[in-house]
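# Examining the three-dimensional arrangement
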Amino acid sequence: MHEETAATAARGTDSDWDWVGADDWQPPTELDTGIPHTARMYDYYLGGKDNFEADRKAAQAAIAAYPALPLLARTNREFLGRAVEFAAGQGIRQFVDIGTGIPAAGSTSEVARRVAPDARVVYVDNDPIVATHARALLASHPAGHTSVIEADLRDPAAILGHPALRAAVDLSEPVALMLVAVLHFIRDEEGAQQIVATLRDALAPGSALILSHGSPDFASRHSADEGARIYKGASAPLVLRPRAGVEPFFGDFEFTGPGLVQLPLWRPTAGHVATTELPDGWQDVSAYAGVAFKK
């Protein structure tokens, strides 16, 4: 479905949908810019400009505690690109990217359409500035197949039942569900495992789960503890999980090689040369990544 068609259909059913031209974009009036938001902190790590003073101060404190954070953010963005390219190469033409963050180069839609121009992408984020800014940018691409939903991962049923998602995605066909650097903001007591299980269960055979997750397995204990402390004042806490806490998110989906690995090691080259060695300075990239398919 083309953007203008999806937007028109959604306007009739959901007041969140207000597509605007990029020149008309303004921060939503309900936005509390005094509370650091994880998406805007991530934008700062990537060198973006869509962040506020509170986001910058929190991000700078996090970098002081864990200097590898900007490298981690870039590496995560690169993983996203490789994983989307791989999934599209396997024939998947539908992508649901939850916790998308501020739009940036190498986005899901950009990569997917490079491989498959007919790919359809639904972005989901709970930050009003993300949703509004994404719509403004995407409005300049009327021939695309992209939708933006303002929703929270903690309510997977609302995401799956959202009219804009239903208009853009056929859940009876394979979908790439993307949970990239987002689950470490969901507490166990909020039902993190059940949230992902609900989303997995809605997918058709042949679907893929693309996931990356922060972990304490590679960082110093001090860095992990300090990062968790800093994020207590942000819009969501930081819940770093060891490998044993990340792997169950994939359920009975089957991993594609190289499986669940340290973030930079997931198919690090176009030819996927298997390696267990990281370049100097990359050993502290504290996250896991994996792609698995539903049988």
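Scroll up for the structure.
On a predicted model such as this, the values are computed, not experimentally measured, just so you know.

Parameters at a glance
Residues numbered from 1 in each chain as written. Predicted model: local features only at pLDDT ≥ 70, side-chain atom pairs only at ≥ 80, totals over all residues. Heavy atoms only, no water. Helix = DSSP H or I, 4+ residues; strand = E, 2+ residues; numbered from the N terminus. Buried < 20%, exposed > 50% of the residue type's maximum accessible area, 1.4 Å probe, protein only. Contact = heavy atoms within 4.5 Å. Areas by Shrake-Rupley, 256 points an atom, 1.4 Å probe, with all protein chains shown as cover. Salt bridge = Lys/Arg side-chain N within 4 Å of Asp/Glu carboxyl O. Phe/Tyr/Trp six-rings, centres within 6.5 Å; stacked < 30°, edge-to-face > 60°. Core = buried A, V, L, I, M, F, W, Y, C linked by side-chain atoms within 4.5 Å. Axes fitted to C-alpha atoms, helices over the stretch in contact; angles between N-to-C directions. Parallel < 35°, antiparallel > 145°, perpendicular 65-115°, else oblique. Nonpolar A, V, L, I, M, F, W, Y, C, P; charged D, E, K, R; others polar.

Along the backbone of the chain there are 11 helices and eight strands. In the chain, buried positions account for 54% of the 295 residues. Restricting to contacts in the chain with at least 6 residues of sequence separation, those with at least 24 account for 77%. Carbon and sulfur atoms form 52% of the exposed surface of the chain, whose accessible area is close to 12,500 Å².

Our next topic: the pattern of salt bridges. For the structure shown, the criterion picks out nine salt bridges. A salt bridge links Glu53 to Lys57; the shortest N-O distance between them is 3.2 Å. With a gap of four residues between them, Glu53 and Lys57 both fall in helix α3 (residues 53–65), about one helical turn apart. With a relative accessible area of 52%, Lys57 lands in the exposed category. One salt bridge in this structure joins Arg241 and Asp188, with 2.8 Å as the shortest N-O distance. Linking Arg241 in the loop between α10 (221–231) and α11 (243–246) with Asp188 in the loop between β4 (176–180) and α9 (192–201), this pair joins segments that are 53 residues apart in sequence. Overall, Asp188 belongs to the exposed group, its relative accessible area being 52%. What you see here is one network of salt bridges that share partners, running through Asp152, Arg154, Arg187 and Glu190.

Bringing the packing of aromatic side chains into the picture now. A full pass over the atoms with the stated rule returns six aromatic pairs. When the centroid spacing of 6.2 Å and the interplanar angle of 65 degrees are considered together, the rings of Phe86 and Phe293 count as edge-to-face. In this pair, Phe86 sits in helix α4 (residues 69–89) while Phe293 sits in strand β8 (residues 287–293), placing the two residues 207 residues apart along the sequence. The same class applies to Phe86 as to Phe293, namely buried. Three or more aromatic residues joined by ring pairs form one cluster here, namely Phe79, Phe86, Trp266 and Phe293.

Ranked by internal contacts, the top residues of the largest apolar core, which has 52 residues, are Tyr45, Phe79, Phe95, Ile210, Trp266 and Val291. Excluding its chain neighbours within four sequence positions, the residues that come into contact with Phe95 are Val84, Ala87, Ala88, Thr108, Ala112, Ala119, Arg120, Val121, Val122, Ala176 and Met178. Residues Ile159, Val196, Phe249 and Ala292 belong to the second largest nonpolar core, which totals 34 residues.

The subject of this paragraph is the packing of α3 against α10. Where α3 meets α10, the axes come as close as 9 Å, and the angle between the chain directions of the two elements is 170 degrees. The pairing of α3 with α10 is recorded here as roughly antiparallel in orientation. Residues Ala58, Ala61, Ala62 and Ala65 of α3 touch α10, and the partners they reach there are Ser223, Glu226 and Ile230. Partitioned by chemical class, the residues of the contact of α3 with α10 number five nonpolar, one polar and one charged.

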